[in-house]
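# Residue-level structural notes
Here is how the chains run, residue by residue.
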Amino acid sequence: MSDPGGTAGARRRRFSLRLGEVTLALGERTAIMGIVNVTPDSFSDGGTFLDPAAAVAHGLRLAAEGADILDVGGESTRPGARPVPEAEELRRVVPVVRELAARAGVPVSIDTTKAAVAEAALGAGATMVNDVSALRFDPRLGEVAARARAALVIMHMQGTPGTMQQAPHYDDLLGEVVAELAAGAARAAAAGIDPDRILVDPGIGFGKALEHNLELLDRLDALAALGRPIMVGPSRKAFIGRILDLPASERIEGTIAACCLAAARGAHLVRVHDVGVVRRALRVCDAILGGAA
Ligand code: HH2
């Protein structure tokens, strides 16, 4: 599609992201990461996909609905969540990653903060690591991702899931988030990860009050200063529930609104539970923004 005003290029820089055998073009249209939570306690779908066969079927459905990447996680990071022992997390995610990597036809990401879990998942066919701690929790995780030549998502979180929502405070929200993401990207590069394989994420809901989440989404383009693709995960989160006074199961329209706004503010990749409806909404947004529908 033509871009007479050059606006789409100005809004979103183009990147190509290597994920194993697949090269994902980022920036032309908004890419989607579909969420596969193999957990009993995730905030919106805990327990639904704890059975490996149900998780695999769900992942295959999300891929058929248009997910560009599937993100498999075995530990909830919702506020106050209990840490999951490594052996249990391995037991939950590895069989699901193996099946999806073989059958889904799209790259698989592992959502973990633990090096041992990442290592096993990468061995089972994952090509991306989504670390909500930005390499703060497990010093070995960077090395593991580097050795496997995996892509790495560096996400911003103030504190830890156990305490992060108690009293989030920032003197300069955007400045602090950008600086901490830059520090995370530097840790990744020091661990040997190719800078071309790093993505950044402001961590919606991770040590953020309502007004912080709203400002981060509205000013997402500030993250472009980091020179890396921008990922964002607003899906069904509490800030939407606060605005609409609705439970997680009824936050789809709010999720779509947040994803469309994020795309217009420069997001390359959105991480969502409801892939089909978000895909359709983003096709319209991307057409308006001058990218491929
Ligand atoms: N949000 C969640 C988990 N992982 N990763 C990135 N990069 N960005 C996010 O915003 C993000 C994430 C929380 O959502 P969910 O996985 O649905 O819930 P839970 O952590 O309760 O399993």
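For the structure itself, consult the block above.
Below is a short write-up of the structure. (Residues numbered from 1 in each chain as written. Predicted model: local features only at pLDDT ≥ 70, side-chain atom pairs only at ≥ 80, totals over all residues. Heavy atoms only, no water.)

## Structural notes on the overall build of the chain
Stated formally: Helix and strand assignments follow DSSP, with helices taken as H or I runs no shorter than four residues and strands as E runs no shorter than two, numbered in order from the N terminus. The globule rule used here is 2.2 Å times the number of residues to the 0.38 power, and the radius of gyration it is set against is calculated over C-alpha atoms. In short, Shrake-Rupley with a 1.4 Å probe defines the accessible areas, and a residue's cover is counted only from the protein chains shown. Positive charges come from Lys and Arg, negative ones from Asp and Glu, while His and the chain ends are left out of the count. Throughout, a charge is located at the NZ atom of Lys, the CZ atom of Arg, the CG atom of Asp or the CD atom of Glu.
Regarding its fold elements, the chain presents ten helices and ten strands. Whereas a compact globule of 293 residues would reach a radius of gyration of roughly 19 Å, the chain reaches 17 Å, a difference of no more than 12%. With respect to the principal axes defined by its C-alpha atoms, the chain has extents near 50 × 45 × 40 Å. Of the roughly 11,800 Å² of accessible surface on the chain, 54% is carried by carbon and sulfur atoms. Side chains of the chain carry 32 positive and 35 negative charges; the gap between the two charge centres is 3 Å.

## A look at the sheet that holds strand β9 (residues 231–232)
What counts, and what does not: Paired strands, as defined in this entry, are two strands with at least two bridges between them according to DSSP. Should any heavy atoms of two residues lie within 4.5 Å, those residues are considered in contact. Each axis is a line fitted through C-alpha atoms, taken for helices only over the stretch in contact, and angles between the N-to-C directions span 0 to 180 degrees.
Pairing is parallel across the open sheet formed by eight strands, whose spatial order is β8-β7-β6-β5-β4-β3-β10-β9. For this open sheet the edge positions go to β8 (198–201) and β9, each flanked by a neighbour on one side alone. Of the strand pairs in this sheet, β9 and strand β10 (residues 269–272) are connected by two bridges, and their pairing is parallel. Looking at the pairing, Met231 lines up with Leu269 of β10. Its contacts with the sheet place helix α6 (residues 173–190) against β7 (151–155) and β8, and it is angled at close to 150° to β7.

## Details of the pattern of salt bridges
Filter applied, for reference: A pair is scored as a salt bridge if a Lys or Arg side-chain nitrogen falls within 4 Å of a carboxyl oxygen belonging to Asp or Glu. To sort residues, take the accessible area from a 1.4 Å probe on protein chains only and compare it with the maximum for the residue type: under 20% means buried, over 50% means exposed, and anything in between is partly exposed.
Scanning the model with the defined rule gives 18 salt bridges in all. Measuring nitrogen to oxygen at the nearest pair gives 2.6 Å for the salt bridge that ties Asp68 to Arg29. With Asp68 in the loop between α2 (52–64) and β4 (69–73) and Arg29 in the loop between β2 (22–26) and β3 (31–37), this pair connects stretches of sequence that are 39 residues apart. Residue class for Arg29 comes out partly exposed when judged on its relative accessible area of 28%.

## Things to note about the side chain of Asp131
Residue placement: Asp131 occurs in strand β6 (residues 128–131). It is Arg187 that comes nearest to the buried, bridge-free Asp131 among opposite-charge side chains, at 7.4 Å. With residues up to four places along the chain from it excluded, the contact list for Asp131 reads Thr112, Thr113, Leu141, Leu152, Val153, Ile154 and Met155.

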